[in-house]
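Observations on the three-dimensional arrangement
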Amino acid sequence: MPFSKLGLSDPIITAITHQGYTTPTPIQAKAIPIILSGKNVIAAAQTGTGKTASFVLPILEKLKDNETTRKKRVRALIIAPTRELAVQVDTNIKQYSSTLNLTSLAMYGGVDLKPQKQALIEGVDILVATPGRLLDMYTQRAVHFDELEILVLDEADRMLDMGFIEDINKIMDKLPQNRQNLLFSATLSHQVKALAKTTIIKPVEISVVNKANGPQIEQWLVTVDKDKKSALLSHLINEYQWQQTLIFIETKQGAAKLVSQLEKRGINAECIHSGRSQAIREKILADFKSGKINLLIATGIAARGIDIDNLPRVVNYDLPYPADDYIHRIGRTGRAGSQGEAVSLVSKDDFKNLCAIESKLGHLITRKEIDGFAPKKVVPVSILNYVPKHKKATAKKEKTAPEQSSSSVKKKAKTNQAPLPINPWGNKS
Ligand code: AMP
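Anyway, here's the lowdown on the structure attached to this text. On a predicted model such as this, the values are computed, not experimentally measured, just so you know. (Residues numbered from 1 in each chain as written. Predicted model: local features only at pLDDT ≥ 70, side-chain atom pairs only at ≥ 80, totals over all residues. Heavy atoms only, no water.)

So, the overall build of the chain
From N to C terminus, the chain includes 15 helices and 14 strands. Sorting the 429 residues of the chain into buried and exposed places 57% on the buried side. Of the contacts formed within the chain by residues at least 6 apart in sequence, a portion of 78% connects residues at least 24 apart. Only carbon and sulfur atoms are counted for the fraction: they give 50% of the accessible area of the chain, which is about 18,600 Å². (Helix = DSSP H or I, 4+ residues; strand = E, 2+ residues; numbered from the N terminus. Buried < 20%, exposed > 50% of the residue type's maximum accessible area, 1.4 Å probe, protein only. Contact = heavy atoms within 4.5 Å. Areas by Shrake-Rupley, 256 points an atom, 1.4 Å probe, with all protein chains shown as cover.)

Written out as structure tokens, the structure reads:
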């Protein structure tokens, strides 16, 4: 089905055609007409499915014939968990609205307030903001919501994981009742549904988390002792000549240490985490995207909003908790219809997280053995119906080392070594 059949008008179609989009992705095909009809929506869609365009395009369609005229007013508000995601969404808005007269702004913390305040004075049609900075601006009376027509909560599960619930509730209280609400989340967990229940009346629920055939992410793991991980990573980088690889690690201290461990073996890498300034993170990200930097080490939170097409590979230097984070991480590869690879280095400390991840996937991840790296502390085979004792998400992951100790999980799992097919583009081959 072409975009024109979804109810989008010519200038918007021209702009997205310019971006190389010819066919809507499944989430776009489902969400765009419903959003255009004015309904509230909650959608389960992972990053990489084209979810941003699925809410941005109908918003543009709805706003395109008018402009914000009053100072400090916004007509659409998109709340995103991280600065990177806010910037990415704003970049997409600017691309998709290149043929329109609408204005947009990304607003996030960690940078000077003044330029953002100044931009708000003129009034912006679409504001993309992180929760903390948004509240701050509201308190300073730099933004008013009385003309707000549409609210989007993007990556809602992540916002809850990061402990933004209070900020979000405070913001909700300030918004006009008469508005359209859209919530996007990689997973519609219990907590996300609870949030939706309090903020979104009678939503249409849509989901495109599918496991159909098509483009695949090939997942494999190597079991290794924790103190041998950096040596194994160096070996894999050299042996397989890995280019453009995003390496996830749990803590910012770990990220910095890994950079120097690789350096000692003659491998150049850069890292981004919450301890680095926004300007440096942006520069490193731009260099990674352009290919100047091959290996980027990132904490999960810092990497959240990264959008890089056709990323060939992601590496999990340690396994994340909760398991949904693993899905988010590997969603960085195999995007926009291309093949990807997700490699995990798993030590016995990662065992509980491995159980949770493989249970979530519903199958075991293929294990590969690398000569010389067989672990002394063997990582047992997971059970596939594992339910973590502490379901509570670790909100401040970057501050602590959330690796969990292993425990006695004795049951044997049934083996299904197929890679996880994540196909954001639906059932078409
Ligand atoms: P998102 O899930 O919004 O992060 O989008 C993932 C990637 O898919 C981004 O690089 C988009 O530019 C790209 N994309 C979104 N919609 C389409 C489409 N209809 N056709 C081709 N690429 C798309």
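Next comes the rest of the write-up.
Some words on the sheet that holds strand β5 (residues 150–153)
Here 7 strands make up an open sheet; going across it, the order is β3-β4-β2-β5-β6-β1-β7 and the pairing parallel. With one partner strand each, in any of the chains shown, β3 (104–107) and β7 (204–207) form the two edges of the open sheet. Each adjacent strand pair in this sheet contributes to an overall mean axis angle of 15 degrees, direction not counted. The pairing of strand β1 (residues 41–44) with strand β6 (residues 180–185) spans 4 bridges and is classified as parallel. By the bridge assignment for β6, I42 is matched with L183. Set on the sheet, helix α5 (residues 113–121) makes contact with β2 (74–79), β3 and β4 (124–129); between it and β3 the angle comes to about 150 degrees. (Pairing = 2+ DSSP bridges. Axes fitted to C-alpha atoms, helices over the stretch in contact; angles between N-to-C directions.)

So, the sheet that holds strand β9 (residues 245–249)
Sheet strands pair by backbone hydrogen bonding; their relative direction is either parallel or antiparallel. Judged by pairing direction, the sheet is parallel, and its 7 strands sit side by side in the order β10-β11-β9-β12-β13-β8-β14 without closing on themselves. Two strands close off the open sheet at either side, each with one partner strand: β10 (270–272) and β14 (366–367). Sheet strands in contact with helix α11 (residues 252–264) are β9, β10 and β11 (295–299), and its direction is about 160 degrees off that of β11. Each of β8 (217–223), β9, β12 (313–316) and β13 (340–346) is contacted by helix α14 (residues 323–330), which is oriented at about 150 degrees to β12, the strand it contacts most.

Examining the packing of aromatic side chains
Scanning the model with the defined rule gives 5 aromatic pairs in all. Between F55 and F184, the ring centres sit 5.0 Å apart and the planes meet at 55 degrees, which makes this aromatic pair tilted. Of the two residues, F55 sits in helix α3 (residues 51–63) while F184 sits in strand β6, which places them 129 residues apart along the sequence. Each of the two residues, F55 as well as F184, counts as buried. On the numbers, 5.3 Å between centres and 0 degrees between planes, the contact of Y138 with F145 is stacked. A relative accessible area of 28% places Y138 in the partly exposed class. Classification of F145 by relative accessible area gives buried; the value is 4%. Through successive ring pairs, a cluster of aromatic residues spans W220, Y240 and W242. (Phe/Tyr/Trp six-rings, centres within 6.5 Å; stacked < 30°, edge-to-face > 60°.)

A short note on helix α1 (residues 10–18)
Those residues of α1 not exposed but buried are I12, I13, A15 and I16. Buried positions in α1, seen along its axis, are confined to an arc of 160 degrees and lie on one side of it. Facing away from the buried side of α1 by more than 90 degrees, the exposed set consists of D10 and H18. After α1 finishes, the residue G20 shows a positive phi value of roughly 90 degrees. (Arc of directions from axis to C-beta.)

Regarding unusual backbone geometry
Geometrically, the link from Y321 to P322 is a cis peptide bond, its omega value of 5 degrees lying close to zero. Inspection of the secondary structure assignment puts P322 in the loop between β12 and α14. Its identity is not glycine, yet R141 carries a phi of approximately 55 degrees, on the positive side. By secondary structure assignment, the location of R141 is in the loop between α6 (131–139) and β5.

Some remarks on the pairing of β11
Burial analysis of β11 places 5 of its 5 residues in the buried class, which makes it a mostly covered element. Neither face of β11 is exposed, since L295, I297 and T299 on one face and L296 and A298 on the opposite face are all buried. Across 5 bridges, β9 lies against β11 in parallel orientation. Its bridge partner being in β11, I249 is matched across the sheet by T299. Sheet analysis places β10 next to β11, joined by 3 bridges and oriented parallel. The residue bridging C271 from the neighbouring strand is I297, located in β11. Since β10 and β11 lie parallel, the crossover through helix α12 (residues 278–290) that links them has a hand, and here it is right-handed. (Right-handed = clockwise from strand over helix to strand, strands pointing away.)

Some points on the packing of helix α2 (residues 26–36) against α3
Direction vectors running N to C along α2 and α3 enclose 30 degrees, while the axes themselves pass 9 Å from each other. Compared by their axis directions, α2 and α3 come out roughly parallel. Of the two possible hands of crossing, α2 and α3 adopt the one that is right-handed. Touching I27, Q28, A31, I32, I35 and L36 of α2 are K51, A53, S54, F55, L57, P58, E61 and K62, all from α3. Residues belonging to the contact of α2 with α3 are distributed by class as follows: 9 nonpolar, 2 polar and 3 charged. (Parallel < 35°, antiparallel > 145°, perpendicular 65-115°, else oblique. Left-handed = near helix turned anticlockwise from the far one by under 90°. Nonpolar A, V, L, I, M, F, W, Y, C, P; charged D, E, K, R; others polar.)

Considering helix α9 (residues 190–199)
Residue pairs spaced three or four apart in an α-helix point in one direction, given the helix's 3.6 residues per turn. Within α9, burial applies to V192, L195, A196 and T199. Take α9 and look down its axis: the buried residues cluster within an arc of 100 degrees, on one side only. In this structure, α9 carries H190, K197 and T198 as exposed residues pointing more than 90 degrees from its buried face. Tucked into the core, α9 has its buried residues touching β1, β5, α7 (156–161), α8 (165–174) and β6.

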